[in-house]
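Residue-level listing of the chains:
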Amino acid sequence: MSSRSEPTAEHAEIAEDQGIPESSASSAISAVNQAAEYLPGGTYHTLSQNPDSAPEFLFSHGSGAYVYTTDGRRLLDIMLGHGSLMLGHCPPSVVEAVKAQAERGNTFTHVTQPAIELAKMMVEVVPCADKVRFINSGTEAVMLALRLVRAYTGKNKVLKFEGAYHGFADELLFSTNYGYPDRWPDYPAADPDSLGIPAGRQDHVLIAPWNDLDLTAEIVRNNLDDLAGIILEPVMRGLSSRPGFMEGMRELATEHNVPLIFDEVGTGFKLALGGAQEYYGVTPDLATFGKGLGSGYPIGAVAGSEEIMSYLDPASPDDARIFSLGSFHGNAVSTAAAVATIKGLREPGTYEHLTSYGNRLRDGLEELFQRFDLPVQMTGEANTVEWFFTTEPVTDYRSSLATNRGLKDRLAAQMRRHNVFGGGGRLGSSTAHGDTELSLTLEAMEASLVSLRDSGGLSG
Ligand SMILES: Cc1ncc(COP(=O)(O)O)c(C=O)c1O
């Protein structure tokens, strides 16, 4: 069975371009290849799902806006753990908090002080949060939110949007099209994205096209007798919502008494301290968090209204309570990391900086793409910067597929050659990114575009 490619001429060429001694480069390459001996396919991350687009190096460490490879390269990080590192790599206050807590202990099979502090902070800043429950990841947060709304409503089905990703659990791994990019079942039929999802699960999932309020409303109305909830990613895979869409979703959910869940794993603590719900001024009934909450330490959270969250209270009656326990839920190190993260994000000017950085990056990229005669639609919100190479408006998952996605992959590979990690879309920034990093990103993008133009890689 094939796994990663063996050291290639391209790897060697990059090393030479970067002035990396041959011995360091070849030991880094052999470390990358060694991974395949012990890890299936040598990987466990999104980036390397496509063996051809896997990075040709390993990281030794990160600091602020930069990451360093085992063979001595320094790259500007605009991937930032898919948006987890809002304060950059190893922010001193988070590292201090983690160290201090690790020395005091992590797991006590009882509520910890940092978890209480974190819950209090979240209740203060997240509009929908009367109460908070901690778990270990974004996937778990979504699983818990779904169990809550099913218990609360006594119903089964959940509506999600086509293309939206809500974690790898069986629950909602449908019509995200990780696996099958060209299958188009009719709405609201759900298509599984992985083998191994039990048959029948799709009967509990309804799929609607992003930004189409009318069709979504029709699907909701047709399924009211068994609809437990609606879940959405407020900036769906980097695709902004149409003006009025979020408000429309809120009205629809309220009108039919269906709980509305914002999956804020990607937007929480990112668009604003209070997440997308603060940014849009639209409050869901429940919200899920992960990623940006813990500066890269494993944590997830569900926040929501007292009425629904009371199903997590052990004192609630048997018919108004769910089971949800985990050995590491609310563990002291992750929650201490999150407390330090929120304190860092609460510093005055944080979101003004992040939003202005995102807007300048979006404008700079658009100007560059136009200079290279590339048809482009810029999307994303605030510090989430996304774009699609096409002349047509991109409003939903299907229109996002009818764009030149291969070019984005080629750009990401070129950006790595120009010492920037990320660059194939959904770019992030952190408080450690400033004018220097903005210029480096735009310069690397320009150099990448030149390289591709010269090699004929801009078309096709
Ligand atoms: C919106 C959204 N929900 C859920 C998840 C799953 O989170 P995790 O990877 O922490 O399980 C992700 C991760 O990419 C996400 O972006």
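Below, the discussion takes up the packing of helix α7 (residues 213-222) against helix α8 (residues 245-255). One way to put it is that α7 packs onto α8 with a least axis distance of 11 Å and a crossing angle of 15°. With respect to α8, the element α7 is oriented roughly parallel. Here α7 runs over α8; the crossing is right-handed. Here L213, T216, A217 and V220 of α7 come into contact with α8, specifically with F245, G248 and L252. Its residues assigned to classes, the contact of α7 with α8 comprises five nonpolar, two polar and no charged.

Looking at where A332 falls in the secondary structure, it is placed in helix α11 (residues 332-345). Classification of A332 by C-beta neighbours within 10 Å gives buried; the count is 21. Sequence-distant contacts of A332, that is, excluding residues within four places in its chain, are made with Q101, G105, N106, T112 and P114.

Next up on the list: the sheet that holds strand β3 (residues 74-77). One open sheet holds the four strands; their spatial order is β1-β2-β3-β13, and the pairing between them is mixed. The sheet terminates laterally at β1 (59-63) and β13 (420-421), the two strands that pair on one side only. For β3 and β13, the ladder comprises two bridges, and the chain directions are parallel. The residue of β13 that forms the bridge with D77 is F421.

Okay, the confidence of the model for the chain next. Taken as a whole, the chain shows an average pLDDT of 92; of its residues, 94% reach a score of 70 or greater. When the criterion is pLDDT under 50, residues 1-7 qualifies, and its contacts beyond four places in sequence or with other chains add up to 16 contacts.

Attention shifts here to the domain arrangement of the chain. We note that the domain assignment places domain 1 (1-46), domain 2 (58-89 + 349-455) and domain 3 (92-345) within the chain. Of all the secondary-structure elements, those providing two or more residues to the side of domain 2 that touches domain 3 are α3 (80-83), α12 (350-371) and α13 (397-401). The element best represented in the side of domain 2 that touches domain 3 is α13, accounting for four residues. In terms of residue class, the side of domain 2 that touches domain 3 is made up of eight nonpolar, 12 polar and five charged.

Around the ligand sit 13 residues, and of these S137, G138, T139, G167 and V265 come closest. With three residues, the top contributor of residues to the shell around the ligand is helix α6 (residues 138-153). A per-class count over the shell around the ligand returns three nonpolar, eight polar and two charged.

Attention shifts here to α6. Along its 16 residues, α6 runs 23 Å from first to last C-alpha, staying within 8% of the 22 Å computed at 1.5 Å per residue. Of all 16 residues in α6, 12 are buried, a share of seventy percent or more. When we look at burial in α6, the residues that qualify are G138, T139, E140, A141, V142, M143, L144, A145, L146, L148, V149 and Y152. G154, located one to two residues past α6, shows a positive phi value of around 70°.

Another aspect to go through is α11. Its 14 residues place the ends of α11 20 Å apart at the C-alpha level, agreeing with the 20 Å of an ideal helix rising 1.5 Å per residue. Within α11, 12 of the 14 residues are buried, which leaves the element mostly enclosed by the surrounding structure.

With that out of the way, let us pick up unusual backbone geometry. The step from Y187 to P188 runs through a cis peptide bond, and the omega angle for that step is 5°. With respect to the element layout, P188 can be found in the loop between β5 (157-161) and β6 (205-208).

Packed helix pairs are characterised by how far apart their axes lie and by the angle those axes make with each other. Relative orientation of the contacting elements helix α5 (residues 113-125) and α11 amounts to 40°, with a least axis distance of 8 Å. Judged by the twist between their axes, the crossing of α5 over α11 is left-handed. Between α5 and α11, the residues in contact are P114, A115, E117, L118 and M121 and A332, T335, A336, A338, V339 and I342, respectively. Taken together, the residues that form the contact of α5 with α11 break down as nine nonpolar, one polar and one charged.

Counting residues in hydrophobic clusters, the biggest one holds 116 residues, and the most contacted among them are A141, A145, I230, I261, L286, A301 and A303. Built from parts of two domains, this core gets at least three residues from each of domain 2 (58-89 + 349-455) and domain 3 (92-345). With residues near it in sequence (within four places) discarded, A145 still touches I261, L286, T288 and V302. Of all hydrophobic cores here, the second largest spans six residues; its members include A15, A25, A28 and F57.

On to the pairing of β1, then. Of the pairings in the sheet, the one linking β1 to strand β2 (residues 66-69) comprises four bridges and is antiparallel in character. Bridge pairing links F59 to T69 in β2. Joining the antiparallel neighbours β1 and β2 is a turn of two residues, in which G64 adopts a positive phi near 60°.

On the secondary structure map, R104 appears in helix α4 (residues 92-104). You can call R104 partly exposed: it has 14 C-beta atoms within 10 Å. In sequence terms R104 and A332 are 228 residues apart; their C-alpha atoms lie 9.0 Å from each other.

Here the focus is the environment of R398. Following the sequence through the fold, R398 ends up in helix α13. For R398, a count of 14 C-beta atoms within 10 Å translates into the label partly exposed. R398 sits 243 residues away from K155 along the chain, and the two C-alpha atoms are 29 Å apart.

Across the sheet, seven strands lie side by side as β4-β10-β9-β8-β7-β5-β6; this open sheet has mixed pairing. The open sheet terminates on both sides in strands that have one partner only, identified here as β4 (131-135) and β6. Adjacent strand axes in the sheet meet at a mean angle of 20°, parallel and antiparallel pairs treated alike. The sheet strands contacting α7 are β5, β6 and β7 (227-232), and the helix crosses β6 at an angle near 160°.

Scoring rules and cut-offs
- Residues numbered from 1 in each chain as written.
- Predicted model: local features only at pLDDT ≥ 70, side-chain atom pairs only at ≥ 80, totals over all residues.
- Axes fitted to C-alpha atoms, helices over the stretch in contact; angles between N-to-C directions.
- Helix = DSSP H or I, 4+ residues; strand = E, 2+ residues; numbered from the N terminus.
- Parallel < 35°, antiparallel > 145°, perpendicular 65-115°, else oblique.
- Left-handed = near helix turned anticlockwise from the far one by under 90°.
- Contact = placed C-beta atoms within 7 Å.
- Nonpolar A, V, L, I, M, F, W, Y, C, P; charged D, E, K, R; others polar.
- Buried ≥ 20, exposed ≤ 12 C-beta atoms within 10 Å, placed from the backbone.
- Pairing = 2+ DSSP bridges.
- pLDDT = per-residue confidence, 0-100.
- Domains from an automatic or database assignment.
- Near = placed C-beta within 6 Å.
- Expected span 1.5 Å × (residues − 1).
- Core = buried A, V, L, I, M, F, W, Y, C linked by C-beta atoms within 7 Å.

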